[in-house]
Amino acid sequence: MTAPPRPTTPAMLRIFEELNAHLAAATQRAFPAAAAGQPLDPQLAAASKPEFGDFQANGALALAKPLKQAPRAIATAIVNQLNADTSFTALCLPPEIAGPGFINLTLRPERLAHELRQRLGDPRLGVPSVAASAPVVVDFSSPNIAKEMHVGHLRSTIIGDSLARVLEFRGHPVLRLNHVGDWGTQFGMLITHLKQEAPEALSTADAVDLGDLVAFYRQAKARFDADEAFQATSREEVVKLQGGDPVSLKAWGLLCDQSRREFQKLYDRLDIRLNERGESFYNPYLEAVVADLEASGLLVTDDGARCVFLEGVLGKDGTPLPVIVQKRDGGFNYATTDLAAIRYRFAEPPEGDGARRVIYVTDAGQAAHFAGVFQVAARAGWIPKEARLEHVPFGLVQGVDGKKLKTRAGDTVRLRDLLDEAVERAEADLRRRLQEEERSEDEAFITHAATTVGLAAVKYADLSQNRSTNYQFSFDRMLALTGNTAPYLLYAVVRIAGIARKGGDMATAGTELHFSEPQEWGLVRELLKLDGVIAEVEEELLPNRLCTYLFELSQVFNRFYDQVPVLKAAEPARSSRLALCSLTADTLKLGMGLLGIPTLERM
RNA sequence: GGGGCUGUAGCUCAGCCGGAUAGAGCGACGGUUUCCUAAACCGUAGGUCGUGGGUUCGAGUCCCGCCAGCCCCGCCA
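Caption draft 1: Main features of the pairing of strand β10 (residues 320–326). Inspection of the sheet shows strand β9 (residues 305–314) paired to β10 by 5 bridges, in the antiparallel sense. Paired with Arg306 across the bridge in β10 is Gln326. Between β9 and the antiparallel strand that follows it, β10, lie 5 residues; Gly318 among them carries a positive phi value of about 85 degrees.

Caption draft 2: The side chain of Arg176, seen in detail. In this structure, Arg176 sits in strand β6 (residues 174–178). For Arg176, a relative accessible area of 3% corresponds to the buried category. Only 2.8 Å separates the side chain of Arg176 from the side chain of Asp161, close enough to count as a polar contact. In terms of polar contacts, Arg176 uses its side chain to reach the backbone carbonyl oxygen of Arg273, at 3.0 Å.

Caption draft 3: Quick look at the domain arrangement of chain A. Each assigned domain of chain A is listed with its residue range as follows: domain 1 (13–107), domain 2 (184–272) and domain 3 (278–394). Each of domain 1 and domain 3 has a C-alpha centre, and the two are 47 Å apart.

Caption draft 4: Quick look at the pairing of strand β12 (residues 388–394). Among the 7 residues of β12, 6 are classified as buried, and the element is accordingly described as predominantly covered. With 7 bridges joining them, strand β11 (residues 357–363) and β12 adopt parallel strand pairing. Opposite Tyr360, over in β12, you have His391 as the bridge partner. Running through helix α13 (residues 367–379), the crossover from β11 to the neighbouring parallel element β12 is right-handed.

Caption draft 5: Molecular detail of the sheet that holds strand β5 (residues 136–139). Taken together, 5 strands build an open sheet; the order of strands is β7-β6-β5-β11-β12 and the sheet is parallel. Of all the strands in the sheet, the pair left with one neighbour each is β7 (275–276) and β12. Pairing of β6 with β7 involves 2 bridges; the strand directions are parallel. Bridged to Asn178 within β7 is Glu276. In the packing of helix α12 (residues 334–346) onto the sheet, contacts are made with β5, β6, β11 and β12, and the angle to β11 comes to roughly 150 degrees.

Caption draft 6: Region of the structure containing the protein's contact with RNA strand B. Close to RNA strand B lie 72 residues, the nearest being Lys65, Glu279, Pro322, Lys327 and Tyr491. Of everything in RNA strand B that lies within 4 Å of the protein, sugar and phosphate atoms constitute 66%. Here a phosphate oxygen of RNA strand B and a side-chain polar atom of Lys502 are 2.9 Å apart. One of the backbone N or O atoms of Tyr561 is found 2.3 Å from a base nitrogen in RNA strand B. Listing elements by their share of the surface near RNA strand B, those giving two or more residues are α2 (59–67), β4 (102–105), β9, β10, α14 (415–436), α17 (486–501) and α20 (543–563). Of the residues forming the surface near RNA strand B, the biggest block, 9 residues, is contributed by α20.

Reading guide: rules and limits
Residues numbered from 1 in each chain as written. Chains lettered and ligands numbered in written order. Predicted model: local features only at pLDDT ≥ 70, side-chain atom pairs only at ≥ 80, totals over all residues. Heavy atoms only, no water. Pairing = 2+ DSSP bridges. Helix = DSSP H or I, 4+ residues; strand = E, 2+ residues; numbered from the N terminus. Buried < 20%, exposed > 50% of the residue type's maximum accessible area, 1.4 Å probe, protein only. Polar contact = N/O pair within 3.5 Å; in protein donor to acceptor, adjacent residues only side chain to side chain. Domains from an automatic or database assignment. Right-handed = clockwise from strand over helix to strand, strands pointing away. Contact = heavy atoms within 4.5 Å. Axes fitted to C-alpha atoms, helices over the stretch in contact; angles between N-to-C directions. Near = heavy atom within 4 Å.

Given below as structure tokens:
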């Protein structure tokens, strides 16, 4: 939709900005003429390999052509300017020119230690909070009333929650909206069918249980597809409902309550907070949507339906595709609701949310739908100039066979069953391990650890993959104790907790830091990357970047743990290393918290 | 027919406004435990980045064609 400027996303944001300014100034001093036209971009980036230092600047290569000079000569001139700048030399070791003309920058160790010390005892671990922000809407999960949550809701729920957590941590007021399917044709079908088959369900709470309701829904859908008379009755029922008919409304309310309670069980289990604001919420605004579109001259009546024809999107016959906002029978559809939602979310309170960023976490199959709806909203003038409206698409959940995930019987996998199995498998693993290691733990410990590991595995496996591709679901892989998995990360935290139990003082706020080993410096550098990673996730809405970071941090920590003694070290190394352990644990806990994953002390 | 997404090592995947010899995990093979949980660590092997062009000093990354898989395409959401 709107295209904001891409932010730079390196390690250590503040230092990055500082270096960038130094480089730009040095380049300008070295080549004043080159700055006359375009602003100079030093093309500063995180070093692509550790041996290149902390940062690399690639700008000299790009200047070679306009300046008609060899890139290494340009780099040399820039470096000479940098070396003459004492505020730069206080920050960095002398830059090195490498390859065709890269400028490699290595931060002074004392500066790294200084940055690290500032993060010790800082609850935000160096991640800045935004000063003030308009609300951000994250629209995710969105199951349908009268259906059970299934594997199809997994990704939206987990990814949406994580994005919301990251945005909240950055200080944005986040509206976590559950746009449940509680309106529309499906309800017409269901209510019509229930009137005939189980009328008590429409007047008495919980007269049928949810499983039966799901079965009724399936039957209703089948009748709707096959029986024209039923279709017509269902459509009339929708119109009645949308018109506020009390009998229909009561039935509708009962169905919603029942489903809502079931959804909440799963949200509680996954520790996900959501505000329900279903499609029905926008019912009072649907007329205004159509009126607005009419007033702005976008509306066309075609074959009885009121549509907006899209620009640049052609159908089979080469004519523009419509977005239908009012059906021939007078009813509204999901496009109308989505438009009303966009309009409401960007509108100022009290008749709106006043949001300036609206994020939809839905499967990639809806990309075309959202593109169309977004275009209409833009042309209708409902999107403020500085606002962002983003569809965050994700791929399908597939089985290991590469096909859409199903049960052995061929049914959709219920979310509840999927979580149960993950926890059961985690528990079986844990019990086997306890037996092998001749450890003894009480049942409460086993239940807690297995639940945490099982749910963490499901969440992490999903989040750690770039969401845009299809996702191959495998219990074996996600619960593996090695590799880029939740158990591996959880274990790193457990190791640090072990050090604390064995006498390591983790209250390290005032510690003098003295590092000598490469494993220590490796960990220091990794720890300082957190702020950049968070900024990147906030901008690109890709939780897998955070996962990659946490995995790499765990790897670097495990190497450190394996190769460098902590408790047995002499001072001042011991305290410095304890500080690293403490900050690593804090960083992992914070990062996993942003993924919606709690950590353990022992496992 | 039109549109979108995807195609990188045997498998699952990273690859951040184009930048140095394309990375990781799993699996395979080999090694490490008197020491803070070995659920770990160290090493080896393994890739024409689907394919053919183009742009560029430089392309897995940008543009065009083609191939393959998946998804979407007016009154369902």
